[in-house]
Structures are given as structure tokens and as C-alpha cells.
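Observations on the model geometry
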Amino acid sequence: MLPVVAIVGRPNVGKSTLFNALTRTRDALVADVPGVTRDRQYGISRVGETPCLLVDTGGLVSQAEGIDYLTALQVHQALEESSVVLFLVNARDGLTAGDEEIADALRRQGKPVVLVVNKVDGTDPHLARAEFAALGFDAGLPVAAVHRRGIEAVMREVVNHLPAQPLQPEVPDESLLRLAVVGRPNVGKSTLVNRLLGEERVLAFDTPGTTRDAISMRLERDGTQFELIDTAGVRRRARVSDALEKFSVIKALQAIERAHVIILMLDAREGLTDQDLTLLGHVLEQGKALVIAVNKWDGLDAEHRERVLQALDRRLGFVPWARRIRLSALHGSGVQELMDAVLEAWRSATIEMPTPELTQVLRRAVEAHQPAMRQGRVARLRYAHAGGKLPPRIVVHGNRTDTIQPAYRRYLENTFTQHFRLWGTPLIVEFRGGGNPFAGRRNPLTDRQRAKRRRLQKHVARRRRGR
């Protein structure tokens with residue numbers, strides 16, 4: 001329910017840099033090339049106690065076609081949502097025909113416009129403002145977004161135009177299920193995100209590399225609040241030569257680290273590739289809950305489907321706990337099953353495991369299959385307790401736990417997984433030895449107690465000698 005402030009302008013005028021400066025984050029991808037931003041990026045900006053929802057948009061160009069046309073649609077949607085518009089221009093380029101076209105479109109919108117003249121470092125700000133006065137807006141505010149000069153003046157001007165209305169608090173981040181959609185380029189990630197949101201929220205185009213940034217969106221489905229993260233496609237490192245694509249890959253990997261549940265999307269037509277397994281390795285290293293979505297399933301014949309299923313069974317045997325959902329993001333089939341699997345993975349990753357129940361399961365597992373002897377020593381496992389969530393962690397205490405073999409660890413992991421029905425999340429089992437808990441501690445007895453003990457020992461010794 002926060003008022004929305006949209007940042008618009010031509011490509012490469014510094015909109016994403018200004019967005020990061022106003023939100024005090026690095027959420028927007030920034031590079032010194034035009035056309036980096038394509039989707040809408042949202043963030044919270046504050047001036048004192050006054051918050052607002054800031055929207056970063058792509059650059060507007062004349063006679064847009066293809067991907068530029070879809071970017072322009074995203075900008076117009078941001079303008080429809082906004083209460084105030086930050087019109088950003090470039091002081092180094094001066095007034096251009098593109099700036100005049102955007103100014104005409106903003107006047108037709110009829111919303112308050114704050115003109116911001118960026119990149120005034122190294123120039124005379126008064127001359128720059130005078131040149132852009134021809135656009136017909138109030139005197140432009142000179143800023144150098146990359147150095148955060150003039151930022152406070154911009155936000156004070158924005159607050160003056162914000163509507164006075166009661167603001168409702170946002171949902172705390174702790175109550176959100178952060179769900180990231182990752183995969184190779186052109187597997188249908190953005191199409192799935194739009195299908196879940198029920199609108200063309202992010203650009204979905206039949207060209208690899210359409211999504212460049214990690215875009216976060218709010219979603220409520222089946223009574224659960226989600227933070228949905230659309231990421232850029234990740235290719236093999238050997239094929240990534242462009243600096244911008246490298247930053248996109250970094251943002252995608254950061255989204256994996258930040259999310260609670262990961263949807264790894266595969267292209268059913270191409271099957272499971274080595275790059276898919278590399279991405280899966282990143283997810284497992286982070287210990288994230290996982291759902292595997294096999295997209296574009298509707299376009300395959302029966303024989304091709306059977307080959308894909310056999311390949312998945314053969315190559316994904318090391319993650320038997322991950323659900324595999326066959327779907328078509330374009331037509332919506334299988335999407336409900338996918339979200340059910342996501343909620344199941346979330347439940348498993350945050351499950352409460354009582355210590356008595358864990359110890360009972362451990363005891364039954366040990367009775368059914370004892371640990372193997374190693375160098376004449378056998379481990380004695382005594383009890384288990386929960387050690388954490390996301391992913392769930394079980395700590396097993398006992399003696400000589402250093403003799404536990406990897407196979408026995410996997411046996412216990414499978415036993416706990418089946419008992420608690422932990423589908424969609426990895427489980428970590430740790431072992432801790434049971435050394436002497438009082439080793440290295442000082443005797444807690446007082447001097448008086450020690451003297452009394454010595455007298456008692458002497459008395460017992462005399463009685464024994466008397467016998």
C-alpha cells in the first residue's frame with residue numbers, strides 16, 4: 001500500500017544507479033552500456049519516516065520493436081502504478097529528441113513529474129538545468145547518482161508530491177517464503193513467473209538472455225506469502241565472455257543463496273545437460289530445498305517423454321528426495337502440482353523434530369543395522385536431537401563416532417528422511433563424540449567438603465584393617 005515512484009528516461013542515463021542510491025542497495029544491475037534494465041525492479045526508499053515504493057524501469061527508445069517494445073510496455077505499466085514520476089536526463093548528452101518525446105508522454109499521463117538532471121559532475125549544473133528548462137517542467141534537480149550527490153534533495157521533492165494516505169505495514173521478510181526460479185537460458189523461467197503472477201510482470205521473449213537481473217516480486221498463493229525471484233539464465237563459464245552476462249550470473253547465484261526454496265527448470269526437449277547438473281551442484285552446496293521442474297513437456301511425443309524420464313532417473317539418483325514436476329509454463333499445465341511440491345519442500349525444510357522421537361528412530365535404526373567395526377572399535381550411538389533448519393540438521397551423540405562410515409551416515413539420513421517424510425530438502429546428519437564432560441575442569445568441592453571426604457576415607461580404611 002506504499003505510494004509508487006517510477007524512474008523513467010532514455011537508456012544509459014543512470015536510472016539503475018539512481019535506484020540503488022535512493023534505496024541504499026545494489027539490487028539493480030548497473031553497467032556502462034545501454035539497455036541493461038528491461039524488467040521492473042522494485043525497492044523501498046525512505047526520507048526520514050516517509051517510505052515509498054521505488055520502481056526502476058528500462059530505457060525508452062523511439063519506434064521500439066522486439067525486445068525494446070516489450071521493455072516499453074513494462075515502463076508504461078510502471079507509470080500506470082505510480083503516484084510520482086522521476087524523469088531522469090543526462091547532462092553530458094544535453095537535451096535530445098528522445099527526452100522531448102518522453103516529456104510529451106509524461107504530460108499526457110497527468111501525474112506529478114520531478115525532473116532530475118544526472119551526471120552533472122564535471123559540468124556546470126546551472127547550465128545543464130537551463131538547457132532542460134525547455135521541457136516545461138519545474139527547475140531540474142542536479143545530481144551525480146554514482147557519487148550520491150544531490151540524492152537527499154531529490155527525495156525531499158518527491159515527498160512533497162506524495163499523496164497523504166495512511167500506510168499499511170508491509171509483510172515482514174521473516175514471514176515470506178523466498179522462492180527462486182533458476183536454470184539455463186531460454187528454458188521458460190520468466191514464462192513460469194508470469195503464469196504464477198497472472199500478468200506479464202517480466203519479459204518473456206523467445207531469445208536467450210532476455211532476463212538480465214534478478215527480479216523480486218510478491219505473490220500470495222494458497223494462503224502463503226511468497227517472494228518470487230526470477231533470475232537470468234546461467235550458461236557454461238567457457239561461453240560467458242561478456243562482462244554484463246557475468247554480473248547476471250553472479251546475481252543469479254546470489255538469488256540461490258538468498259532463497260529458501262529453489263525451482264530448477266529443465267528443458268524437456270533438450271533433456272538434462274551438464275550445465276543443469278552444475279547449477280544443481282550450487283543448490284546442493286547451499287543446502288537449499290529443491291523442486292525440479294521439467295518444462296515444455298506438452299510438446300513431446302510418448303517415445304521422447306520416456307527417454308527423458310529414463311535419463312532423469314539415471315542421472316538424478318543422488319537427489320532422490322527432490323520432486324520432479326512435468327509442466328508447461330506457457331499453457332499452465334502442472335503449475336498447481338509444482339506449487340504443491342514447493343510447499344511440501346518448505347514444510348520439510350522447516351519441520352520440528354522432537355528429541356524423544358529422533359532418539360527412538362535412531363535406536364530402531366541401530367537395532368536393525370549396527371555400525372560397522374573399524375580397527376577393532378564400534379561406535380555406540382546414544383541419542384539424537386535437532387540441530388537446525390533450512391536445511392534440517394540432526395545431531396547424533398555417542399562414543400567412537402569417528403569410526404562411522406559414509407555408507408552408515410547415508411543409511412541414517414534415509415531412515416530419518418522416510419520417517420519424517422522429508423521430501424524436497426536435503427538432510428544433514430552430524431556425529432558428536434561423547435568424551436568425558438568433566439575433563440579439564442577443576443574439582444567443584446569446597447575445602448570443607450574435601451576434608452570431610454578425607455576423614456571418611458580414613459575411617460573406612462581403619463574399619464577394613466580391623467576386620
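Our subject is the structure listed above.
Residues numbered from 1 in each chain as written. Predicted model: local features only at pLDDT ≥ 70, side-chain atom pairs only at ≥ 80, totals over all residues. Heavy atoms only, no water.

**Notes on the environment of threonine 278**
Relative to the helices and strands, threonine 278 is located in helix α8 (residues 274-286). Overall, threonine 278 belongs to the partly exposed group, its relative accessible area being 41%. Along the chain, threonine 278 and valine 234 lie 44 residues apart, while their C-alpha atoms are 9.7 Å from each other. (Helix = DSSP H or I, 4+ residues; strand = E, 2+ residues; numbered from the N terminus. Buried < 20%, exposed > 50% of the residue type's maximum accessible area, 1.4 Å probe, protein only.)

**As for the packing of helix α11 (residues 355-368) against helix α12 (residues 406-420)**
At a minimum axis separation of 10 Å, α11 and α12 run at an interaxial angle of 130°. Here α12 runs oblique to α11, going by the angle between their axes. As α11 packs across α12, the resulting crossing turns out to be right-handed. Between α11, through Glu357, Leu358, Val361, Leu362, Arg364, Ala365, Val366 and Ala368, and α12, the contact on the second element is made entirely by Tyr408, Tyr411, Leu412, Thr415, Phe416, His419 and Phe420. (Axes fitted to C-alpha atoms, helices over the stretch in contact; angles between N-to-C directions. Parallel < 35°, antiparallel > 145°, perpendicular 65-115°, else oblique. Left-handed = near helix turned anticlockwise from the far one by under 90°. Contact = heavy atoms within 4.5 Å.)

**Concerning the packing of aromatic side chains**
A complete count under the given rule lists two aromatic pairs for this structure. With 6.0 Å between their ring centres and 80° between their planes, phenylalanine 87 and phenylalanine 137 make a pair best called edge-to-face. Of this pair, phenylalanine 87 sits in strand β4 (residues 84-90) while phenylalanine 137 is found in the loop between α4 (125-132) and β6 (141-142), placing the two residues 50 residues apart along the sequence. Here the aromatic rings of tyrosine 408 and tyrosine 411 are separated by 5.3 Å at their centres, their planes lie at 45°, and the arrangement is tilted. Taken together, the positions of tyrosine 408 and tyrosine 411, both in helix α12 and three residues apart, correspond to about one turn of that helix. Under the relative-accessibility criterion, tyrosine 408 is labelled buried at 6%. Among the residues examined, tyrosine 411 registers a relative accessible area of 24% and is labelled partly exposed. (Phe/Tyr/Trp six-rings, centres within 6.5 Å; stacked < 30°, edge-to-face > 60°.)

**Some points on the sheet that holds strand β10 (residues 261-267)**
Here six strands make up an open sheet; going across it, the order is β8-β9-β7-β10-β11-β12 and the pairing mixed. Both edges of this open sheet fall to β8 (215-221) and β12 (323-326), since each of them pairs with a single strand only. Neighbouring strand axes in the sheet, compared pairwise and without regard to direction, differ in orientation by 25° on average. Taken together, the five bridges between strand β7 (residues 177-183) and β10 define a ladder with parallel strand orientation. (Pairing = 2+ DSSP bridges.)

**Brief notes about unusual backbone geometry**
Each neighbour pair has its own omega, and for leucine 390 with proline 391 the value is 0°, a cis peptide bond. Along the polypeptide, proline 391 turns up in the loop between β13 (380-388) and β14 (393-399). The backbone of arginine 421 shows a phi angle near 55°, a positive value even though the residue is not glycine. Mapped onto the elements, arginine 421 comes out in the loop between α12 and β15 (428-433). On the basis of relative accessibility, which here comes to 58%, the residue arginine 421 falls in the exposed class.

**Looking at the sheet that holds β14**
In space, the three strands of this open sheet follow the order β13-β14-β15, with mixed pairing throughout. The strands lining the two open edges of the sheet, one partner per strand, are β13 and β15. Averaged over all pairs of adjacent strands, the angle between their axes in this sheet comes to 25°, without regard to strand direction. The pairing of β14 with β15 spans six bridges and is parallel.

**Observations regarding a positive patch on the surface**
There is a patch of like positive charges on the surface, built from Arg448, Lys452, Arg454, Arg455, Lys458, Arg462 and Arg465. Considering the arrangement of structural elements, one finds lysine 452 in helix α13 (residues 447-466). (Patch = residues over 30% accessible without salt bridge, like charges linked within 9 Å, V, L, I, M, F, W, Y side chains within 5 Å. Areas by Shrake-Rupley, 256 points an atom, 1.4 Å probe, with all protein chains shown as cover. Salt bridge = Lys/Arg side-chain N within 4 Å of Asp/Glu carboxyl O. Lys, Arg positive; Asp, Glu negative; His and termini not counted. Charge placed at Lys NZ, Arg CZ, Asp CG, Glu CD.)

**What about the nonpolar core?**
Ranked by internal contacts, the top residues of the largest apolar core, which has 30 residues, are Leu179, Leu192, Leu228, Ile263, Met265 and Leu338. For this core, the element with the highest residue contribution is helix α10 (residues 335-349), accounting for seven residues. Ignoring anything within four residues of it in the chain, the contact list for leucine 179 reads Phe226, Glu227, Leu228, Ile229, Val261, Ile263, Met339 and Val342. (Core = buried A, V, L, I, M, F, W, Y, C linked by side-chain atoms within 4.5 Å.)

**Points about the pairing of strand β11 (residues 289-295)**
Burial analysis of β11 places seven of its seven residues in the buried class, the great majority of the element. Residues Ala289, Val291, Ala293 and Asn295 line one face of β11 and the alternating positions Leu290, Ile292 and Val294 line the opposite face, and both faces are buried. In terms of strand pairing, β10 meets β11 through seven bridges, oriented parallel. Bridging from a neighbouring strand, isoleucine 262 pairs with leucine 290 of β11. One crossover worth recording links β10 to the parallel β11 by way of α8, and it is right-handed. The sheet contact formed by β11 and β12 spans four bridges and is parallel. In the sheet register, alanine 293 faces β12, and the bridge partner there is isoleucine 325. Considered for its hand, the β-α-β crossover made up of β11, helix α9 (residues 302-315) and β12 is right-handed. (Right-handed = clockwise from strand over helix to strand, strands pointing away.)

**A word on the side chain of threonine 23**
Looking at where threonine 23 falls in the secondary structure, it is placed in helix α1 (residues 15-23). At 2.7 Å, the side chain of threonine 23 forms a polar contact with the backbone oxygen of phenylalanine 19. Side-chain polar atoms of threonine 23 contact the side chain of threonine 25, separated by 2.8 Å. (Polar contact = N/O pair within 3.5 Å; in protein donor to acceptor, adjacent residues only side chain to side chain.)

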